[in-house]
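Spelled out, the chains give:
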Amino acid sequence: LSNEFLQKRIEKAFINHIKEIQKNKNCPESLREKPMVSFIQGSKEELRRCISKLYTSDNIDFENENKSVRYSKREGLINEECDLLDKIICEARSLNATDIHIEENSVRFRINGVLEKHLESNSKKILELIERIKTLCGMNIGEKRKSQEGKFIYGNTNPVFIKVSVVPIISNIMENAESVVIRLVGTNKEPLKVCDLGFNSYQINKIHELECLKNGLILICGPNSSGKSTTIASILTEIQDKNKEKLKIINLEDSPKYLLPNVSQIQIDERFRKSYEKELENIFNQDPDVIVIGEIRNEVSAVTALRASLTGYLVFATLHCSSVGESILRLENFGLCRGLLGSVVKGIICQSIEINNQKRVLYADVAIPCEKIREKIKPYYSENQIEQLFVHYTNYSQV
């Protein structure tokens, strides 16, 4: 650091922090004396890696749920917030949770699509926990008025990709309250086969037919935590197996849920000007056979999906909606022509996961458009009338 005033402020803050630790009767002897503070040259990225290493437990055993959690006991003071974060992530993974919600004085896990309260804590502990998470993500800890997003890899022996969203909320419990949602993505997770997802035999046959297409748009629809990414990952794996890995598949995602072999995965990050639209311009020069657009969420991504399918590629995309008719209306709201959609959409898979007798149950509708749908679909057709222009293969089977 070259700013002398800033150096003095940091030195004073660090010494005050040590004084608070010294008040603890369990304070290590190495911290009993007044510390000497010095500054060295370093980049922001080096600082981030250093902090991540300090506050990431590398020796947690995630493989066996029945074993007690093992933590590396480093010399000196063990940070309680780090210990709490370790426990939360470890237990979330052991319960196969997809998301962790931290709000005011509670921590909840999303398991099988349902939020379940995991623990309650006082507001001070929650604030400290949020600050630790924001530090690992490289976020601005002092910024509590604006939303922030970040990500980091947690752990070394069995790493997990963590995506974090922080949003300011109104609270009667604390000032400057924030809601934190953590998405957990296992980096070593392998997708299931399509036949293992819960589709019936008729649906599986239709999905296999869609996998053999050379061009067109295939939509995977459903709410959050409905298994859309798993379905796409399974389909892509089967496409590569059938074609003996001779196809070029490019996957554009905001944050990849699976690391797929022989699939070029590109992470979309608007912060670094890596948008769907700009990346699509680049991947056209990559000579792809199949393009995956992680999520259609606005006009830009919708036009991107349509443009890619019209250019002669087989395109898969996800969409947050619950039915075939709703998906067409949603794309129309994004500015796409209904008649043009009728010519490029080759299939729509709508799915959701429900809990029945404490078991996960998949409800799915694999819809195939009827012949000459572009001529039959009218601008004034309602959602139900659009549904009738598709042949539906539905099920309600246990996963």
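Predicted model only: the values in this text are computed from it and were never measured. (Residues numbered from 1 in each chain as written. Predicted model: local features only at pLDDT ≥ 70, side-chain atom pairs only at ≥ 80, totals over all residues. Heavy atoms only, no water.)

Enquirer: Break down the overall build of the protein chain for me, with residues and values.
Expert: When its secondary structure is counted, the protein chain shows 12 helices and 14 strands. Within the span of the protein chain, comprising 399 residues, buried residues form 44% of the whole. Per element, the accessible surface of the protein chain, about 22300 Å² overall, is 48% carbon and sulfur. (Helix = DSSP H or I, 4+ residues; strand = E, 2+ residues; numbered from the N terminus. Buried < 20%, exposed > 50% of the residue type's maximum accessible area, 1.4 Å probe, protein only. Areas by Shrake-Rupley, 256 points an atom, 1.4 Å probe, with all protein chains shown as cover.)

Enquirer: Which residues make up helix H9 (residues 324-333), and what are the values?
Expert: Note that an α-helix has 3.6 residues per turn; residues three or four places apart therefore point the same way. Of all the positions in H9, only Val324, Gly325, Ser327, Ile328 and Leu331 are classed as buried. Down the axis of H9, the sector holding all buried residues measures 165°, keeping them to one side. Two to three positions downstream of the cap, the backbone nitrogen of Glu326 sits 3.2 Å from a side-chain oxygen, assigning the N-cap of H9 to Ser323. Once H9 finishes, Gly335 follows within two positions and takes phi at roughly 100°, a positive value. (Arc of directions from axis to C-beta. Polar contact = N/O pair within 3.5 Å; in protein donor to acceptor, adjacent residues only side chain to side chain.)

Enquirer: Let's hear about unusual backbone geometry: which residues, and what values?
Expert: In terms of backbone geometry, most residues other than glycine have negative phi values and most peptide bonds are trans. Within the chain, Glu104 stands out as a residue other than glycine whose phi angle is a positive 55°. Tracing the sequence through the fold places Glu104 in the loop between strand S1 (99-103) and strand S2 (106-111).

Enquirer: Lay out the pairing of S1 in plain terms, naming residues and giving numbers.
Expert: Among the 5 residues that make up S1, 4 are buried, leaving the element largely enclosed by the rest of the structure. Where S1 lies against S2, 5 bridges are found, and the strand directions are antiparallel. For Ile100, the partnering residue across the bridge sits in S2 and is Phe109. (Pairing = 2+ DSSP bridges.)

Enquirer: How would you explain the packing of helix H5 (residues 201-211) against helix H6 (residues 228-242) if you had to name every residue and give the values?
Expert: Here H5 crosses H6 at 60°, and the two axes come no closer than 10 Å. The angle between H5 and H6 falls in the class oblique. The two elements H5 and H6 cross, and the hand of that crossing is right-handed. In this structure, H5 uses Ile207, His208 and Glu211 to contact H6, whose residues at the interface are Ile235, Glu238, Ile239 and Lys242. A per-class count over the contact of H5 with H6 returns 3 nonpolar, 1 polar and 3 charged. (Axes fitted to C-alpha atoms, helices over the stretch in contact; angles between N-to-C directions. Parallel < 35°, antiparallel > 145°, perpendicular 65-115°, else oblique. Left-handed = near helix turned anticlockwise from the far one by under 90°. Contact = heavy atoms within 4.5 Å. Nonpolar A, V, L, I, M, F, W, Y, C, P; charged D, E, K, R; others polar.)

Enquirer: Which residues make up the packing of aromatic side chains, and what values do they have?
Expert: All chains considered together, the criterion is met by 1 aromatic pair. Aromatic pair Tyr380 and Tyr381: ring centres 5.5 Å apart, planes at 80°, arrangement edge-to-face. On the basis of relative accessibility, which here comes to 22%, the residue Tyr381 falls in the partly exposed class. (Phe/Tyr/Trp six-rings, centres within 6.5 Å; stacked < 30°, edge-to-face > 60°.)

Enquirer: Any details on the environment of Tyr202? Residues and values, ideally.
Expert: Residue position: Tyr202 is located in helix H5. In this structure, the C-alpha to C-alpha distance between Tyr202 and Val366, residues 164 residues apart in sequence, is 9.1 Å.

Enquirer: Before we move on, can you summarise the environment of Val344 with the specific residues and values?
Expert: Tracing the backbone through its elements, the reader meets Val344 in helix H10 (residues 338-344). Note on Val344: relative accessible area 5%, which makes it buried. Sequence separation between Val344 and Asn215 is 129 residues; the distance between their C-alpha atoms is 8.3 Å. For Val344, the residues in contact, after removing those within four places along its chain, are Gly216, Leu217, Leu306, Ser309 and Leu310.

Enquirer: Any details on the confidence of the model for the protein chain? Residues and values, ideally.
Expert: On average, residues of the protein chain score 81 in pLDDT, and 83% of them reach the 70 mark or higher. Looking across the protein chain, the model is least confident in helix H2 (residues 44-54), with a mean pLDDT of 60, and most confident in strand S7 (residues 216-221), with 96. This model gives residues 55-78 a pLDDT under 50, and the stretch forms 44 contacts once residues within four places in sequence are excluded. (pLDDT = per-residue confidence, 0-100.)

Enquirer: Account for the state of the cysteines, naming residues and giving values.
Expert: This structure, assessed with the given rule, holds 0 disulfides. Cysteine Cys221 remains unbridged, with the sulfur of Cys321 as its closest cysteine sulfur at 3.7 Å. On the basis of relative accessible area, Cys221 is assigned to the buried category, the value being 0%. (Disulfide = S-S within 2.5 Å.)

Enquirer: Residue-level account of the pattern of salt bridges, with values.
Expert: Inspection of the entire model under this criterion finds 11 salt bridges. Salt-bridge contacts for Glu120 lead to Lys117; the nearest nitrogen and oxygen are separated by 2.9 Å. By relative accessible area, which is 53% here, Lys117 ends up exposed. Among the ionic pairs, Arg330 bridges to Glu326, the shortest N-O distance being 3.1 Å. Separated by 4 residues within a single helix, Arg330 and Glu326 lie in helix H9, roughly one turn from each other. Owing to a relative accessible area of 26%, Arg330 belongs among the partly exposed residues under this scheme. (Salt bridge = Lys/Arg side-chain N within 4 Å of Asp/Glu carboxyl O.)

Enquirer: Outline the pairing of strand S12 (residues 345-356), supporting the account with residue identities and numerical values.
Expert: Across 5 bridges, the pairing between S7 and S12 is parallel. Pairing of Ile220 across the sheet is with Ile349, part of S12.

Enquirer: Break down helix H4 (residues 123-137) for me, citing the residues and quoting the values.
Expert: Under the 1.5 Å per step criterion, the end-to-end length of H4 is 21 Å for 15 residues, consistent within 8% with the ideal 21 Å. Looking only at H4, the buried set comprises Ser123, Ile126, Leu129, Ile130, Arg132, Ile133, Lys134, Thr135, Leu136 and Cys137. The N-cap residue of H4 is Asn122: its side-chain oxygen and the backbone nitrogen of Lys124 are 3.2 Å apart. Directly beyond the C-terminal end of H4, a positive phi value near 75° is found at Gly138. (Expected span 1.5 Å × (residues − 1).)

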